[in-house]
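# Observations on the three-dimensional arrangement
Now for the letters of each chain:
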Amino acid sequence: MAHQSTLEFATPGRGTRNVTEAVARVVAASGVRTGVAHVFVQHTSCSLAITENADPDVRRDLETVLGRLAPDADPAYRHDTEGPDDMAAHARTVLTGNALSVPVGGGRLLLGTWQGLFLWEHRTDPQQRRVVVTVLGD
Amino acid sequence: MAHQSTLEFATPGRGTRNVTEAVARVVAASGVRTGVAHVFVQHTSCSLAITENADPDVRRDLETVLGRLAPDADPAYRHDTEGPDDMAAHARTVLTGNALSVPVGGGRLLLGTWQGLFLWEHRTDPQQRRVVVTVLGD
Amino acid sequence: MAHQSTLEFATPGRGTRNVTEAVARVVAASGVRTGVAHVFVQHTSCSLAITENADPDVRRDLETVLGRLAPDADPAYRHDTEGPDDMAAHARTVLTGNALSVPVGGGRLLLGTWQGLFLWEHRTDPQQRRVVVTVLGD
């Protein structure tokens, strides 16, 4: 069985947004009891990550770490026509990944207690983002 | 067809543990001949990686690389109440990923000769970790 | 339904190669209309990434970023018998990942306008690489 749904999110600029509930609703609607939920952003400058859903400082610190690994306006970048944050956004997307997959059991996402699913905007300006959720299984 | 099994591992603290055989046993039990095995840790401070299964220095060097990208006790971290290794562990998990998926063909994992599946503990203290393996296919 | 095909690519050394069309052909041949295409390299020193398919400078800059995170010939590496680029290649593979999965809808890859699938060679010498594509769904 394969069930698919496309979600749209307006992001206010760089930062994380919890999309766990939105993905969980697609899983519930799918009728799949045992399988995998696959989540995919159709963009090259935002990503998806699973991390702690409790202390928001964790996501702030993740931003700090990623900001060092792929800084804005790095003079080494050749791709700079779309703004000082664009190449950094592409690099952060590749380092963190634009797809996630989570097991489904008993008809729901089998996340650990502290895990949340986050859409991670890497551009500084607001964007409209499309996320395709596909649920596979029995 | 979807087959699911949850494995538990006691980790002795930071480092990698080869879980290839444990995952292969779930694949064998699943009866799936052609498909994908999905492996997922239900935690935010340990991850999964595929890397060389021969020279253990490779995994030691990976630890060195990751230790630079997300050092322990970084003064920039705000999330520091759970110990100097906790935020580093969250960041290393996001950089390396808490899910893996491997093709299944002829009823077994289609890994390359040098590939092994490793559970990567990023906390310095011993932990109990849950890994959900889901095998999808025919 | 599960359809599987192994592709072979000769890489000319370090750099990216667009494999979108090759993967799309496997999806078309699979007969799957709704599902997920899973792409996997059977190696530990090359990886797969989704990034911008337009300006080639993006991929050049990604190489620059990754070259800083896991430099060749780092004196800290202990695994150095296979050349100055080998351990760097293992680390770059772990940071970027050796599997990708893309939703399939209407019988084709549901990629965003600017997304391409790239096989990313991290060794400096030419290599022969095997990529297993598995398409799951209805």
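In what follows, the accompanying structure is described. What you see is a predicted model, and the numbers here were worked out from it, not measured in a lab. (Residues numbered from 1 in each chain as written. Chains lettered and ligands numbered in written order. Predicted model: local features only at pLDDT ≥ 70, side-chain atom pairs only at ≥ 80, totals over all residues. Heavy atoms only, no water.)

### What about the overall build of chain A?
- For chain A, the count of helices and strands is three helices and eight strands.
- Here the C-alpha atoms of chain A give a radius of gyration of 16 Å, agreeing with the 14 Å that 2.2 N^0.38 yields for 138 residues.
- Its C-alpha atoms give chain A principal-axis dimensions of about 50 × 30 × 20 Å.
- For chain A, the residues scored as buried account for 63% of the 138 residues in total.
- Summarising the internal contacts of chain A: among those between residues at least 6 apart in sequence, 82% fall at separations of at least 24.
- Entry remark: accessible area of chain A is about 5,000 Å², with carbon and sulfur atoms responsible for 48%.
- The distance from the centre of the 13 positive side-chain charges to the centre of the 16 negative ones in chain A is 5 Å. (Helix = DSSP H or I, 4+ residues; strand = E, 2+ residues; numbered from the N terminus. Rg over C-alpha atoms; globule rule 2.2 N^0.38 Å. Buried < 20%, exposed > 50% of the residue type's maximum accessible area, 1.4 Å probe, protein only. Contact = heavy atoms within 4.5 Å. Areas by Shrake-Rupley, 256 points an atom, 1.4 Å probe, with all protein chains shown as cover. Lys, Arg positive; Asp, Glu negative; His and termini not counted. Charge placed at Lys NZ, Arg CZ, Asp CG, Glu CD.)

### Details of the pattern of salt bridges
- In the structure shown here, the tally under the stated rule is 24 salt bridges over all chains.
- One salt bridge connects C:Arg68 with A:Asp74, and the closest N-O pair in it is separated by 2.5 Å. You can see C:Arg68 sitting in helix α2 (residues 57–69) and its partner A:Asp74 sitting in the loop between α2 (56–69) and α3 (86–96), one on each of two chains.
- Assessed through its relative accessible area of 45%, C:Arg68 is described here as partly exposed.
- Classification of A:Asp74 by relative accessible area gives buried; the value is 9%.
- The partner of C:Glu63 in a salt bridge is C:Arg92, with the nearest N and O atoms 3.8 Å apart. Taken together, the residues span a long stretch of sequence, with C:Glu63 in helix α2 and C:Arg92 in helix α3 (residues 86–96) at a distance of 29 residues. (Salt bridge = Lys/Arg side-chain N within 4 Å of Asp/Glu carboxyl O.)

### Some thoughts on the sheet that holds strand β4 (residues 46–52) of chain A
- Ordered in space as β2-β7-β4 (chain A), the three strands form an open sheet in which the pairing is antiparallel. Where the open sheet ends on each side, the last strands, each with one partner, are β2 (15–18) and β4 of chain A. Between one strand axis and the next, the sheet turns through 35° on average, direction left out of account.
- Relative to strand β7 (residues 115–121) of chain A, β4(A) runs antiparallel, the two sharing seven bridges. Bridged to A:Thr51 within β7(A) is A:Gly116.
- Where helix α3 (residues 86–96) of chain B meets the sheet, its contacts fall on β4 and β7 of chain A, and the angle it forms with β4(A) comes to roughly 140°. (Pairing = 2+ DSSP bridges. Axes fitted to C-alpha atoms, helices over the stretch in contact; angles between N-to-C directions.)

### What to know about the interface of chain C and chain A
- Of the residues lining the interface, 34 residues belong to chain C; the matching set on chain A comes to 26 residues.
- In total, about 2,400 Å² of surface goes out of reach between chain C and chain A, with carbon and sulfur atoms giving 62% of it.
- On the chain C side of the interface with chain A, the three residues burying the most area are C:Asp61, C:Val65 and C:Gln115, jointly 19% of the side's total.
- At the junction of chain C with chain A, the criterion picks out one salt bridge.
- When contributions to the side of chain C that touches chain A are tallied by element, the ones reaching two or more residues are β3 (35–41), β4 (46–52), α2, α3, β5 (99–105), β7 (115–121) and β8 (127–137) of chain C.
- The element contributing the most residues to the side of chain C that touches chain A is α2(C), with 10 residues.
- Split into classes, the residues belonging to the side of chain C that touches chain A amount to 17 nonpolar, 10 polar and seven charged. (Buried area = accessible area lost by both parts, 1.4 Å probe. Nonpolar A, V, L, I, M, F, W, Y, C, P; charged D, E, K, R; others polar.)

### Re the interface of chain B and chain A
- Contact with chain B, which involves 26 residues of that partner, is made by 34 residues of chain A.
- At the boundary of chain B with chain A, total buried surface from both sides reaches about 2,400 Å², with 62% on carbon and sulfur atoms.
- By the criterion of area lost to chain A, the three top residues of chain B are B:Phe40, B:Arg78 and B:Val94, representing 22% of everything that side buries.
- Run the count over chain B and chain A and you get one salt bridge.
- Summed over the shared surface of chain B and chain A, the result is 11 residue pairs in polar contact (both at pLDDT 80 or more).
- Breaking the side of chain B that touches chain A down by element, the ones donating at least two residues are β1 (2–11), β3 (35–41), α3 and β8 (127–137) of chain B.
- With five residues, the single largest contributor to the side of chain B that touches chain A is α3(B).
- Within the side of chain B that touches chain A, the residues separate by chemical class into 14 nonpolar, nine polar and three charged. (Polar contact = N/O pair within 3.5 Å; in protein donor to acceptor, adjacent residues only side chain to side chain.)

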